[in-house]
Amino acid sequence: MDARARVTAVLGPTNTGKTHYAIERMLAHRTGVIGLPLRLLAREVYDRIVALRGPSVVGLVTGEERIVPDRCQYWVCTVEAMPLDIGADFVAVDEIQLCADPDRGHVFTDRLLRARGLHETLFLGAETMRGAIAGLVPGVTFLKRERFSELTFTGSKKISRMPERSAIVGFSVDNVYAIAELIRRTKGGCAVVMGALSPRTRNAQVALYQNGDVDYLVATDAIGMGLNLDIKHIAFSATAKFDGRRMRALYPQELAQIAGRAGRHTENGTFGVTGEARPFDETIIEAIEEHRFDPVRKLHWRNHDLEFGSAERLIASLERHTNDPWLTRARDADDVLALKALSEMPDVRDKLTGPKRVQLLWDVCRIPDFRNTGGGEHTSLLARIFEFLVGRGLGGGKVPSDWLKKAVERIDKPGGDIDTISKRLAYIRTWTYVAQRKGWVEDESHWREETRAVEDRLSDALHAALTQRFVDRRTSVLLRRLKQKETLVAEVNDKGEVTVEGEFAGRLEGFRFSQDASASPDQARVLRTAAIAALRPEFHLRADKFYNAPDTEMDFTEQGGLMWGTFAIGKLVKGGEITKPMVEAFVDDEAGEEVAEKVRRRLQHFIDRKVATQFDPLLSMGRDETLQGLAKGFAFRLAEGLGVIDRSTIAAEVKELDQEARSALRKHGVRFGQYTIFQPALLKPAPTRLRLVLWSLWNGLGEFPESPPPGLVTIPNIEAVPKAHYTLAGYHPAGARAIRIDMLERLADILRQKDTKAGFEATPDMLSITGMTLEQFADLMGGLGYKAERAERVKVKAAPVLVPVEIDPNAPVNPITEEESAFVRVEDTAPEAEAAAPEMEVFYTFTWAPKPRFQRPERGPRPEGAPQGERKPRGDRPARKEGSTPTGERPQGDRPQGDRPQGERRHGKPQGERSGKPQGERGDRGADRKGGKPNRDDRQKSFEARPPRAEKPVDPDNPFAALMALKGKL
């Protein structure tokens, strides 16, 4: 570069002729390069220069277009596509204030620091960049330009009352379409301009507006970057937008950039708000009208000196920081994120054998995600393209023509609605970008022409679809039905009621529009169309509100429905695992895929967190890598049962568990109960309710069982309800009722201390645990496998109570002792009670009555007089009395086995074999103490079935004869 080369910063607001000045300066040199922020603007400038100098010396280079004649002198490019090494005499960069943009700012900053012309360099932008440019570019000269016309704020206007030659600005595709539909019905039609449109479609839509075919333009903020149109008024339908990461309010300088499109050359312009947008603050209005904004303090920067020795070194060089006070490292852009994702794939890493391949991977990662499909799908496409370019017999180092042909043919379909065609245009942009890269495809010229032709066909189809939908010169059906009124107003109130011109059209219930059924068919069709047009912005606002709502505002029903307050907005569906259900959102198609995806994503977050919270002990056990062998398998079985399993169904697995495995499972709260294996934390009402829903989803039930009301110890045992439903609900059926699992195990702990062979009676603790009467308890015990024998006996009265009586000293002395005179028996005061009949009470004696053992078929019946130990034939056994067989389910054998530590014995036999009673968890019994021996006080009495000994006469010579004679009397 010549040392005398000038660097000039031309700064000022919109409508100052900066771009026109740069074009004049470039054409004054032999060669030049100009970088513009949008491909739409690049195409507009390219057409202007071609009209002045001809197509043979003007080139156009963008991500998707590359027109470079052999004698190219002037290069019109997007900023990202600017060639920096061709040695042009003139270089210009437009909208240099985008150095402060979080997404693309690092590209503009790089051009500010490195792009220079041999003779002249221009930076065009806002006055806010003066300080930053002065601090970073030595010897720069500043040229300030004033606006040609005035800009005035006019307040808020309804869309239906918008003046002609107005542009309404929205910040989402759905919002733009909704406004365009409303203008079509009220004003006859409008043109649509968005950044996602192809240049061909955009130019055709702009021609509709510029030629006067329509008087209204609906656009995104894409019109803020240099599109010069005959606009008199700019109306903002919103003052916030989604910037790719979050919803945020527009900065004053961004508002000014868009509002500045009003007023062309010397004609004044106005700006204001419409729809639900709030009027601007006075400070913002004053700043826009006077073009005064806070200066830019930091520019986003990314290191350009990249190292391609390895993927790690490349990433490290991209993440390098700077010490310059004007610069700050830019956040990771899409290309860096793609690089990190691809470099972690084993198939890709194996192919990174040298710096050239690392550089090739970086070039592939810089393919923009035109489709906005998200990281996963775009990354997979990049990996496939990189695989082709590397070669190894797959594509010979290039993308195969047959593969590319199939991809393009799937896209080359002009039919469909606006959204469908727009998606196809986004897809073809990817292949247009690939075809523009040198050496990436076979027969480059063919595929560049082919992809461009497909894009042109889709662009024409999109223009036709936009015109058909949003340009209608006929008077709308709704206006005729509403007696030719001048305006069309559709509103949604706080109650969700939708009105069109004050007429009730229906209700918005969650994210579904329920139309009024009283309207006639023709009127209903018109009302729905108008209502949906008004609801599209409401859908987005409501979706944003729902997405940011706390989990406390959401819930699930016992039939798998998902609620947001009183609105049903989705349902649960079966997922890949029982603890990972999926969701299906209830969203109208008119709301758009973006709203539906946002609602679905928020519902999925809710149910995932709900499962993680309620089943944390179960999920933690599944993640425990220390569980091995049988313990790990048992944990899997427990996860299948969502933390509760009937012990009888897995008796064999429980028996195989050794003490070490049980100890490992107990650390996760697993309790090996006599009747159920469970985690106590999962028996609470909330996990129980969710468990029934998840189990029902997993098993494909049409109607889900509902959880019992919380706090009930027992519930009725309904014969038609499967036992598995009671187990999942946390109950165990026994007799006429089902008892809560944890209370049943507490009862089992008490029963293990009783002698079930000799029989025992119910204690107050047993009745208190179950909350039952004695008769109900007897039925419950029968269901648990115990035999209940009913009997009566004389009710034992309480011991006599002695009541002290005062003695009158003057009264005659009774013939009793002085000590006896101080008390009188209570019974003496009621002599008639002695004559009454004794009071009887009912009591039950419970003994363990298991089901008979299964008789092996190979054993024969025991004959009469056979030695003890041989069995009698089953048919010869006496019939069991009615009610003696247990009504509940029991495993075959003498008794159910509980959770008893392995190896504990008494007198060489397991305790279960001694006492003949069910075994469960011992708790704090004496056998659990150190050494494994029971306390002497805890030992049970032994009973013998031998006959009583015959009494011998007392030997009179025995010195203890007198005591022995008194033995039976004491």
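Small disclaimer: the values here were computed from a predicted structure and weren't measured.

**Some details on the pattern of salt bridges**
Counted according to the given criterion, the structure contains 54 salt bridges. Among the salt bridges present, the one from Arg 184 reaches Glu 181, with a minimum N-O distance of 3.3 Å. Separated by 3 residues within a single helix, Arg 184 and Glu 181 lie in helix 5 (residues 173–187), roughly one turn from each other. Given the relative accessible area of 12%, Arg 184 is considered buried.

**Let's talk about the nonpolar core**
Residues Trp 362, Val 364 and Ile 385 are the most contacted members of the largest nonpolar core, which totals 66 residues. Excluding its chain neighbours within four sequence positions, the residues that come into contact with Ile 385 are Val 364, Ile 367, Val 399, Trp 431 and Val 434. Of all hydrophobic cores here, the second largest spans 61 residues; its members include Phe 511, Trp 564, Ala 596 and Val 599.

**Structural notes on the packing of helix 10 (residues 334–343) against helix 12 (residues 355–365)**
Where helix 10 meets helix 12, the closest approach of the two axes is 8 Å, and the angle between their N-to-C directions is 130°. By the angle between their directions, the pair helix 10 and helix 12 is classed as oblique. The way helix 10 lies across helix 12 gives a crossing that is right-handed. Contacts between helix 10 and helix 12 pair Asp 335, Val 336, Ala 338, Leu 339 and Leu 342 from the former with Leu 361, Trp 362 and Cys 365 from the latter. Looking at side-chain class alone, the contact of helix 10 with helix 12 contains 7 nonpolar, no polar and 1 charged residues.

**Brief notes about the packing of helix 15 (residues 418–436) against helix 16 (residues 444–470)**
Two quantities define a packed helix pair, namely the angle between the helix axes and the distance between the axes. The geometry of helix 15 relative to helix 16 is characterised by a closest axis approach of 9 Å and an angle of 160° between their N-to-C directions. Taken together, the axes of helix 15 and helix 16 lie roughly antiparallel to each other. The two elements helix 15 and helix 16 meet at a crossing, and its hand is left-handed. Among the residues forming the contact of helix 15 with helix 16, the class breakdown is 14 nonpolar, 5 polar and 4 charged.

**A closer look at the confidence of the model for the protein**
On average, residues of the protein score 80 in pLDDT, and 79% of them are at 70 or above. Note on residues 853–897: pLDDT is under 50 here. Beyond four places in sequence and across chains, it has 65 contacts.

Conventions adopted
Residues numbered from 1 in each chain as written. Predicted model: local features only at pLDDT ≥ 70, side-chain atom pairs only at ≥ 80, totals over all residues. Heavy atoms only, no water. Salt bridge = Lys/Arg side-chain N within 4 Å of Asp/Glu carboxyl O. Helix = DSSP H or I, 4+ residues; strand = E, 2+ residues; numbered from the N terminus. Buried < 20%, exposed > 50% of the residue type's maximum accessible area, 1.4 Å probe, protein only. Core = buried A, V, L, I, M, F, W, Y, C linked by side-chain atoms within 4.5 Å. Contact = heavy atoms within 4.5 Å. Axes fitted to C-alpha atoms, helices over the stretch in contact; angles between N-to-C directions. Parallel < 35°, antiparallel > 145°, perpendicular 65-115°, else oblique. Left-handed = near helix turned anticlockwise from the far one by under 90°. Nonpolar A, V, L, I, M, F, W, Y, C, P; charged D, E, K, R; others polar. pLDDT = per-residue confidence, 0-100.

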